[in-house]
Amino acid sequence: MSAVRAEDLRKHYRIRSGRGGDRVVHAVDGVSFEVPAGRTLAIIGESGCGKSTIARMLVRLTEPTGGRILVHGRDGVDRRAIQLVSQNPWSALNRRKSIRHALEQPLAVHGLHPGRAARAARVRELLGLVGLDEAYLDRRPGGVSGGELQRVTVARALAVEPKVLVLDEPTASLDVSVKALLVNLLLDLKQRLGLSYVLITHEIDIARHLADDVAVMYLGRFVETGEAERVFDAPRHPYTRALLAAVPAPGREPAEPLPGEVPSAVAPPPGCRFHTRCPLALDACARAVPALEPVADGRLLACLRADEPPSPR
Amino acid sequence: MAAAPETTVPETTVPDSTGPDTTGPEAAGAGAPAPGGSPLLSVRDLAVAFRTRDGEVPAVREVSFDLARGEILGLVGESGSGKSTMLTALMRMLPRNAAITSGRVSFDGVELTALRENGMRRLRGDRIGLIPQRPMTSLSPATPVGRQLRWHLDGLDEDGRLRELLAGVGLGAVLDRLDGYPFEFSGGQLQRLLIAVAALGKRPDLLLADEPTTTLDATVQAQVLRLLLELRDRMGLAMVFVTHDLGVISQVSDRIGVMYAGRLVEIAPAGALFDAPRHPYTRALLEAIPGRRRRGEPLKAIPGTVAGANRLPGCPFAPRCAAVVDRCHEENPEVREVGESLVRCHRAEEDR
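Residues numbered from 1 in each chain as written. Chains lettered and ligands numbered in written order. Predicted model: local features only at pLDDT ≥ 70, side-chain atom pairs only at ≥ 80, totals over all residues. Heavy atoms only, no water.

S.K.: Outline the interface of chain B and chain A, supporting the account with residue identities and numerical values.
M.R.: On the chain A side, the residues contacting the 37 residues of chain B number 33 residues. Here chain B meets chain A over a buried area of about 2,900 Å², counting both sides, of which 55% is carbon and sulfur. Among the ionic pairs, Glu256(A) bridges to Arg226(B), the shortest N-O distance being 3.4 Å. Taken together, chain B and chain A are joined by 15 residue pairs in polar contact (both at pLDDT 80 or more). Counting residues per element, the ones that place at least two in the side of chain B that touches chain A are α6 (187-201), α7 (218-235) and α8 (246-252) of chain B. Of the residues forming the side of chain B that touches chain A, the biggest block, 9 residues, is contributed by α7(B). Split by residue class, the side of chain B that touches chain A holds 15 nonpolar, 12 polar and 10 charged. (Contact = heavy atoms within 4.5 Å. Buried area = accessible area lost by both parts, 1.4 Å probe. Salt bridge = Lys/Arg side-chain N within 4 Å of Asp/Glu carboxyl O. Polar contact = N/O pair within 3.5 Å; in protein donor to acceptor, adjacent residues only side chain to side chain. Helix = DSSP H or I, 4+ residues; strand = E, 2+ residues; numbered from the N terminus. Nonpolar A, V, L, I, M, F, W, Y, C, P; charged D, E, K, R; others polar.)

S.K.: I'd like a rundown of the side chain of His275(A), residues and numbers included.
M.R.: Within the secondary structure, His275(A) is located in the loop between α9 (238-245) and β10 (293-294). With sequence-adjacent residues up to four places away left out, His275(A) is seen in contact with Pro269(A), Pro270(A), Ala281(A), Cys285(A) and Ala286(A).

S.K.: Could you give an account of helix α10 (residues 280-287) of chain B, naming the residues involved and the relevant values?
M.R.: Among the 8 residues in α10(B), 6 count as buried, and that is most of the element. Of the positions making up α10(B), those classed as buried are Pro280(B), Tyr281(B), Thr282(B), Ala284(B), Leu285(B) and Leu286(B). Structurally, α10(B) contributes buried residues whose contacts are with α6 (176-193) of chain A together with α8, β9 (255-260), β10 (263-269) and α9 (270-275) of chain B. (Buried < 20%, exposed > 50% of the residue type's maximum accessible area, 1.4 Å probe, protein only.)

S.K.: For the pattern of salt bridges, give the residues involved together with the corresponding values.
M.R.: For side chains of opposite charge, pairing can occur when their charged atoms come near one another. Enumeration according to the criterion identifies 44 salt bridges over all chains in this entry. Across the pair Lys51(A) and Glu169(A) runs a salt bridge, and its minimum N-O distance is 3.9 Å. One end of the pair, Lys51(A), is in helix α1 (residues 51-58); the other, Glu169(A), is in the loop between β6 (164-168) and α6, and 118 residues separate them in sequence. Here Lys51(A) and Glu169(A) have matching classes, each one buried. Two residues, Glu62(B) and Arg263(B), come together in a salt bridge whose shortest N-O distance is 3.6 Å. Taken as a pair, Glu62(B) in strand β2 (residues 55-67) and Arg263(B) in strand β10 lie far apart in primary sequence, 201 residues in all.

S.K.: Any details on the environment of Gln251(B)? Residues and values, ideally.
M.R.: Positionally, Gln251(B) belongs in helix α8. Note: C-alpha distance between Gln251(B) and Met86(B) (165 residues apart in sequence) is 22 Å. Leaving out residues up to four positions away in the same chain, Gln251(B) has contacts with Pro248(A), Ala249(A), Arg252(A), Glu253(A), Pro254(A), Leu225(B) and Leu229(B).

S.K.: For the side chain of Asp210(B), give the residues involved together with the corresponding values.
M.R.: Residues and elements named next belong to chain B. Within the fold, Asp-210 resides in strand β7 (residues 206-210). Of the side chains bearing the opposite charge, Lys-83 lies closest to the buried Asp-210, which forms no salt bridge; the N-O distance is 6.8 Å. Only 3.2 Å separates the side chain of Asp-210 from the side chain of Ser-84, close enough to count as a polar contact. (Lys, Arg positive; Asp, Glu negative; His and termini not counted.)

S.K.: Hey, could you go over the confidence of the model for chain B for me, with residue numbers and the actual values?
M.R.: The share of residues in chain B with pLDDT of 70 or more is 89%, and the mean pLDDT across the chain is 84. Between residues 1-35 of chain B, whose pLDDT stays under 50, and residues either more than four places distant or in other chains, the model counts 48 contacts. (pLDDT = per-residue confidence, 0-100.)

S.K.: Please provide a residue-by-residue account of the sheet that holds strand β8 (residues 213-218) of chain A, values included.
M.R.: Residue and element names in this part refer to chain A. Read across the open sheet, the 8 strands follow the order β5-β6-β7-β3-β8-β9-β11-β10; overall the sheet is mixed. Across the chains shown, the open sheet's two edge strands, defined by having one partner strand only, are β5 (82-85) and β10. Bridging between strand β3 (residues 40-44) and strand β7 (residues 196-201) involves 5 bridges; their strand directions are parallel. For Ile-44, the partnering residue across the bridge sits in β7 and is Thr-201. Against the sheet, α1 touches β3, β5, β6, β7, β8 and β9 (221-227), its axis set at about 145 degrees to β7. (Pairing = 2+ DSSP bridges. Axes fitted to C-alpha atoms, helices over the stretch in contact; angles between N-to-C directions.)

S.K.: Please set out α1(A) residue by residue, giving values where relevant.
M.R.: All names here are of chain A. Buried residues dominate α1, accounting for 6 of its 8 residues. Turning to α1, its buried residues number three or more, namely Lys-51, Thr-53, Ile-54, Ala-55, Met-57 and Leu-58. Once α1 ends, the next one or two residues include Arg-60, with phi positive near 60 degrees.

S.K.: Tell me about unusual backbone geometry, and name the residues and values.
M.R.: Residues and elements named next belong to chain B. At Asp-108, a residue that is not glycine, the phi angle is positive and equals roughly 50 degrees. On the basis of relative accessible area, Asp-108 is assigned to the buried category, the value being 9%. A positive phi angle, close to 50 degrees, is found at Ala-261, a residue other than glycine. By the secondary structure assignment, Ala-261 is in the loop between β9 and β10.

The following block contains the structure:
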């Protein structure tokens, strides 16, 4: 059974605008995916593509306007089965409360480990899981570094023994050396606790390191999904190629930019949403919406020109 | 920007000031060419400290480097390493509770630390441009973008001047949208507008860029980096480019300086720094990048934290260093020349 299964997930936001009636933002527009138990799916894309909206829908901070989410086969809200780790640990924790309080809260809310001694023991255990010692318990977020604080939010997410963690840009606010520590912690916890991850990130190198599978998102839709190693080694969709080429690396010139800007999600372009910026676009791309369809090596691709042999990178 | 009140009085806080200032503030705007071969910017033993309730906290210490015309120096370091403080010190725009406590900064023959505020003001914008980290918060949200461009740039109403300026940063398409407000533009567009102001409007000799692409998406970032490189080639602009992103810095820099706890621990040509890093901190940083490991393997992290390192005697990296020896805790290493690198490490010459 899959850890997470999303079917035709949609989120449309209605925004009020004076004349001409309300407008609709198509933040997520028909996205389906599956995360097999014990695996990590990375959803990558640039700001505004809808990836964080998916994260929020998965943990039901936002209700989808269409589609279904199954967590370990079950429909409906189960906050113990799936938990969120957000990007910014400073805003995720109450500045005025101790770290002990942050870790006790989920236990109290869900009625877990009743009794003072049992609860205290569980809090210490949680802290140990993320490699912090008890000295942190009485400190407040203000006196703790960003990397340690992000460990605390991971520990808090683990308090209710979830099977799935949704990691929304977990390392984006951290320094290089601290980032490495958190990546190692996530690898280790997944192994030890048999977790599944949905990793939302714009940091390609982090996705590449952690993910088993990857989904590339552009303007509310997936354009390419598949086994991470295959997609990263030989991207097929023109957008995936542009995105991966833009990752700066030593000894490489900055990539040739894509023409134009990301179109508005209020009025997404007809046909393939990438056609306005695509170097390979044909007239047909503006008319027909390409379906996400399987290609030879098991990946799914939404491109009218998918059948053509991939050009060498 | 230039209108911000300035309270730093460096004249009185520079203990080793070298005699009276002979150039005077008037020479600042004259743009006298430097003698052949001399650097555009020369920083010597610069130190900056913050006054806090717990006394003076050093933020930058013993930083020295030269920058030639048309050269791009990348400064890389983690948060708290002092790289942004360095930049604001060069602009003499430090916050009220911070001051340059020693050292010299010479820009095209003018000693900046000895310059009066009105002389400094003449340099800012005109000869030293700044690109900020967040384009959105550097513009007034309540004023049309076109009007803000006019605040900073003279002669914009002349025929074709505005068109030329915007085309220079690849923004020809927004020419008819300049009555719009900042929120109607994307982050990449705003950053390119600010680059147009800083680099093309006044044609400065030196551009200081503080994490200019950190808030941008990867594809937009590539566009801005290409633009900066092109401006350098076209106008011979020199640049100090501050970032925490090792990938970005490798793509834009001629030379790279690595900062740790307020000190410049290594400076080397970009290729040499990545191929043969000499300082243990540089090595550790490069090894912590995910790209260098196989998928799913643990990354090599740096143990410990940087906290308090700028107050320690000896080498600030000693508590976290894999190659530490007793001497490192007692004696701060002098700068050594090893290969193409200038390194502050007692063991820099050893082949490890």
